[in-house]
Amino acid sequence: MSKIRFVKKEDLAGFLAYLRQRDITVLAPVEKPSASKSAIVFAPWEKGMPVLLAKATVSPKNAVLPECEALFTFRQTREENNGEMDFSENINGKPTVVFGCRPCDARGFAAFDKPFLSGIYPDPYYKAKRDGLTVISLTCNSGCETCFCHWVGGGPTSPIGSDVLMTEIEEGFVLQVMTPRGQTLMNATSHYDGTDRFGKVDALRKAAWTSLVPAPNIMDAPAKLAEAFNDIEFWHEMTDRCLSCGACTYFCPTCYCFNITDEGEAQSKKGGRRLRSWDNCMSSLYTREASGHNPRTRKAQRMRNRVSHKFWTFPENWGTFLCSGCGRCITNCPVCLDIREIVVAAINRKSAQ
């Protein structure tokens, strides 16, 4: 079976409808109107909805790490002093296709796989969703001012994290299978062989790379950030205008910090549930301990933690930057704080004598 398929533009909606008929949840870019500014989010696609291919305002990480999910429910089954508790886990992974994300978004899933699947204790909730997920990403025809995927080992046509890599040409879309999971999905379709059109795809992908502004070498970032860790004046200077709003973390496709809370009545038959929710390392509450002590009271310390994790400690532990260069933290920052400037400043910083 060919690993290169072709779908006409007018048949793209039919392709998504076919996936829905197979009881596959399709998460695709959907416009979310707003009184102030419309956004494009990943939401369940249904037959009759338009097929949007614009870069989404948010990443699709919700597919494997929901904004808020119930891990399990609990309730007391006996009222005696040594009463028993009943626990019911909520581990499920319905077949899902993320369609139309960008290569930087797909790299977010690859980044998540490292701590959630390759750590000492693989996360069963994440694994169930990840096992059922197929990612069809759309390559970018050119870069933009806030994109810096090529800084961190990616690019506008990077296959990392994608099961199927899709490129738009004049007459339609060429879909290139990248993984066995992608092959399984495409084997179930009857689209045309697109091998004869791959020359056009190759030319477009090369043009996308030539449109990028040359990237600086940031391979020294881990060592330089380690050197700058105790230079609090440097971090104050870098984060002086930061509002600690957390937009950079919520829009990021590679941020995965979460909080665990219980709600309900544990000591009753009514019971309750344990929730996992996105957390924000830029919040002053993020590191506040039960005693009330907070080791990171200042925003400079919190930004130091965020940048160091992405460009120092995560690479040190997992061998890759925890950043896909999507640029959403830049475009959505209300004060236009640019993480690229912080990393470059750390690299160029003169060590204290």
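These figures come from a predicted structure and were not determined experimentally. (Residues numbered from 1 in each chain as written. Predicted model: local features only at pLDDT ≥ 70, side-chain atom pairs only at ≥ 80, totals over all residues. Heavy atoms only, no water.)

Draft legend 1. Geometry of the pattern of salt bridges. Applying the stated criterion across every chain yields a total of 17 salt bridges. D113 is the partner of R130 in a salt bridge, and the nearest nitrogen-oxygen pair spans 2.9 Å. Pair noted here: R130 is in helix α3 (residues 124-131) and D113 is in helix α2 (residues 103-117), with a separation of 17 residues, a long-range link. Both residues of the pair, R130 and D113, count as buried. For R197, the salt bridge identified is with E171, shortest N-O distance 3.4 Å. Separated by 26 residues along the polypeptide, R197 in the loop between β10 (192-193) and α5 (198-210) and E171 in the loop between β8 (164-169) and β9 (172-177) bring together distant segments of the chain. Judged by its relative accessible area of 22%, R197 is partly exposed. For E171, a relative accessible area of 29% corresponds to the partly exposed category. Shared partners join several salt bridges into a network, and the residues in it are E69, D123, K129 and R276. (Salt bridge = Lys/Arg side-chain N within 4 Å of Asp/Glu carboxyl O. Helix = DSSP H or I, 4+ residues; strand = E, 2+ residues; numbered from the N terminus. Buried < 20%, exposed > 50% of the residue type's maximum accessible area, 1.4 Å probe, protein only.)

Draft legend 2. Spatial organisation of the nonpolar core. Membership of the largest hydrophobic core comes to 30 residues, with the highest contact counts inside it found for I218, W235, V307 and F311. Listed by contribution, the elements that provide at least two residues to this core are α6 (221-228), α7 (232-239), α9 (299-318), α10 (328-331) and α11 (339-348). When neighbours within four sequence positions are excluded, V307 is seen to be in contact with L225, W235, W312, I339, I342 and V343. (Core = buried A, V, L, I, M, F, W, Y, C linked by side-chain atoms within 4.5 Å. Contact = heavy atoms within 4.5 Å.)

Draft legend 3. Inspection of the confidence of the model for the chain at higher detail. Of the residues in the chain, 96% have a pLDDT of 70 or more, and the chain-wide mean is 92. Summarising per-element confidence for the chain, the mean pLDDT is lowest in strand β5 (residues 85-89) (83) and highest in strand β7 (residues 133-138) (98). (pLDDT = per-residue confidence, 0-100.)

Draft legend 4. How the structure looks around the sheet that holds strand β1 (residues 4-8). Pairing is mixed in the open sheet, where eight strands are placed in the order β3-β2-β6-β7-β8-β9-β1-β10. The sheet terminates laterally at β3 (39-44) and β10, the two strands that pair on one side only. The sheet contact formed by strand β2 (residues 25-32) and strand β6 (residues 96-101) spans three bridges and is parallel. Pairing of V26 across the sheet is with V97, part of β6. Along the sheet face, α2 touches β3, β6 and β7 and points at about 155° away from the line of β7. (Pairing = 2+ DSSP bridges. Axes fitted to C-alpha atoms, helices over the stretch in contact; angles between N-to-C directions.)

Draft legend 5. Broad picture of the state of the cysteines. In total, this model carries zero disulfides according to the counting rule given. C248 carries a free sulfur, and the closest cysteine sulfur to it, the one in C245, is 6.4 Å from it. Cysteine C323 shares no disulfide, and the gap to the nearest cysteine sulfur, in C329, comes to 6.4 Å. Exposure remark for C323: the relative accessible area of 9% places this residue in the buried category. (Disulfide = S-S within 2.5 Å.)

Draft legend 6. Spotlight on the pairing of strand β4 (residues 68-76). Relative to strand β12 (residues 271-278), β4 is paired through six bridges, and the arrangement is antiparallel. Bridge assignment links F72 to a residue of β12, and that residue is R274. Direction of pairing for β4 relative to β5: antiparallel, over a ladder of five bridges. Looking at β5, one finds that F72 is bridged to E89.

Draft legend 7. Here's a closer look at the sheet that holds strand β11 (residues 258-265). Reading across from one edge, β5-β4-β12-β11 is the order of the four strands in this open sheet, with antiparallel pairing throughout. In this open sheet, the two strands that pair with only one neighbour each are β5 and β11. With strand direction ignored, the average angle separating the axes of adjacent strands in the sheet is 20°. Judged from the eight bridges that link them, β11 and β12 form a sheet pairing that is antiparallel. Its bridge partner lying in β12, N259 is registered against S277. Packed on one face of the sheet, α3 meets β4, β5 and β12 and runs near 130° to β4.

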